[in-house]
Amino acid sequence: MRIDLLTLFPAMLDGLLGESILGKARERGHLDLRIHNLRDWSTDKHKTADDRPFGGGAGMVLKPEPVFAAIEQLRTPGSRTIYLSPDGTPLSPALGQRLAGEQHLIFLSGHYEGIDQRIRDHVIDEEISIGDYVLTNGTIAAAVVVDVLARFIPGVLGEENSLTHESFTRNLLDFPQYTRPADFRGWKVPEVLLSGNHALIERWRLEQSLEKTRRLRPDLLQGHQHEPLHSRDHQAPAQG
Ligand SMILES: C[S@@+](CC[C@H](N)C(=O)[O-])C[C@H]1O[C@@H](n2cnc3c(N)ncnc32)[C@H](O)[C@@H]1O
């Protein structure tokens, strides 16, 4: 899968998308991720990419010329161009999973007051929000969306790992996890986890997930089906 990210602040993405699980996914060729500076498509000597809004008001707006030039150069047959925006479709696991099935995505991050409306009207295929709040910078949102979708690309989390037990995937929050030592400052790991009895452990984990979801997010339980967990679902995701 290829992903192009268009931003005025490419250095913000180098660390976020270059390390840990995403960094490994790129190294192993699961993800062809390319980070671009929008100013590379500015044609004036000052590399201008934004300007004051028509009609007045505070802040700056991304200009159409460099954005159109960048997208027209990067897009391929079948690619989808996505703008990160507070008024876009709310990000969800289902949306992440759908995006992971695309061949080529181009993400455009807005900055300051946003982007010229003609960009949204004529070269954007889809708009995504990461929540009902306003960030200073769409680059942060682009990194979040890429992280969410990358987990659904086969091989990114490792062959052994499964997404099926993660929070939200089954409308349940995840169960508590413990590691060594079994006794830390007198706080002991639940006995059942040391029992070696996989059926009991599965049951305990499901009960914990249900209890936690009832307590913290009862809205998720509407229409929930308690399908059995499989032992391979319980493996921890690759650490990063
Ligand atoms: C300061 S915001 C502009 C907000 C814009 N004036 C508005 O009220 O919708 C700058 C950029 O951050 C990004 N952004 C801010 N909040 C976001 C959110 N919740 N989800 C996705 N992108 C967001 C968008 O790309 C936006 O152009």
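Residues numbered from 1 in each chain as written. Predicted model: local features only at pLDDT ≥ 70, side-chain atom pairs only at ≥ 80, totals over all residues. Heavy atoms only, no water.

Points about the packing of helix α4 (residues 93-100) against helix α6 (residues 138-150)
Okay, so step 1: Interaxial distance between α4 and α6 falls to 8 Å at its minimum, and their mutual angle equals 75°. Overall, the two elements α4 and α6 adopt an arrangement that is roughly perpendicular. The segment α4 lies against α6, with G96, L99 and A100 engaging V145, V148 and L149.
Okay, so step 2: Residue composition of the contact of α4 with α6, by class: five nonpolar, one polar and no charged. (Axes fitted to C-alpha atoms, helices over the stretch in contact; angles between N-to-C directions. Helix = DSSP H or I, 4+ residues; strand = E, 2+ residues; numbered from the N terminus. Parallel < 35°, antiparallel > 145°, perpendicular 65-115°, else oblique. Contact = heavy atoms within 4.5 Å. Nonpolar A, V, L, I, M, F, W, Y, C, P; charged D, E, K, R; others polar.)

Considering the site of the ligand
Okay, so step 1: Surrounding the ligand, one finds 20 residues, the nearest of these being Y83, L84, G131, Y133 and L135.
Okay, so step 2: In the environment of the ligand, an oxygen atom lies 2.7 Å from a nitrogen or oxygen atom belonging to the side chain of Y83.
Okay, so step 3: Contact between the ligand and S85: a nitrogen atom at 3.4 Å from a main-chain N or O atom of the residue.
Okay, so step 4: In isolation the ligand exposes 580 Å². Once the protein is present, 83% of that is buried. (Near = heavy atom within 4 Å. Polar contact = N/O pair within 3.5 Å; in protein donor to acceptor, adjacent residues only side chain to side chain. Areas by Shrake-Rupley, 256 points an atom, 1.4 Å probe, with all protein chains shown as cover.)

Some remarks on the pattern of salt bridges
Okay, so step 1: Inspection of the entire model under this criterion finds eleven salt bridges.
Okay, so step 2: D87 is the partner of R120 in a salt bridge, and the nearest nitrogen-oxygen pair spans 2.7 Å. In this pair, R120 is assigned in helix α5 (residues 117-122) and D87 in strand β5 (residues 80-90), connecting sequence segments 33 residues apart.
Okay, so step 3: For R120, a relative accessible area of 19% corresponds to the buried category.
Okay, so step 4: Here D183 ties to K188 by a salt bridge, and the two come within 3.6 Å at their closest N and O atoms. (Salt bridge = Lys/Arg side-chain N within 4 Å of Asp/Glu carboxyl O. Buried < 20%, exposed > 50% of the residue type's maximum accessible area, 1.4 Å probe, protein only.)

What about the sheet that holds strand β2 (residues 32-37)?
Okay, so step 1: Strand order in the open sheet formed by five strands is β2-β1-β6-β5-β7, and the pairing between neighbours is parallel. Where the open sheet ends on each side, the last strands, each with one partner, are β2 and β7 (126-129). The sheet shows a mean angle of 30° between the axes of neighbouring strands, taken without regard to direction.
Okay, so step 2: Two elements, strand β1 (residues 2-7) and β2, share six bridges in a ladder whose sense is parallel. The residue bridging L5 from the neighbouring strand is I35, located in β2. (Pairing = 2+ DSSP bridges.)

Focus: unusual backbone geometry
Okay, so step 1: For the peptide bond that leads from R180 to P181, omega is 5°, which places it in the cis range.
Okay, so step 2: For K47, which is not a glycine, the phi torsion comes out positive at approximately 55°.
Okay, so step 3: Along the chain, K47 turns up in the loop between β2 and β3 (50-51).
Okay, so step 4: Of note in this structure, Y112 is not a glycine but carries a positive phi near 55°.
Okay, so step 5: The residue Y112 is located in the loop between β6 (104-108) and α5 in this model.
Okay, so step 6: The class of Y112 is partly exposed, set by a relative accessible area of 41%.

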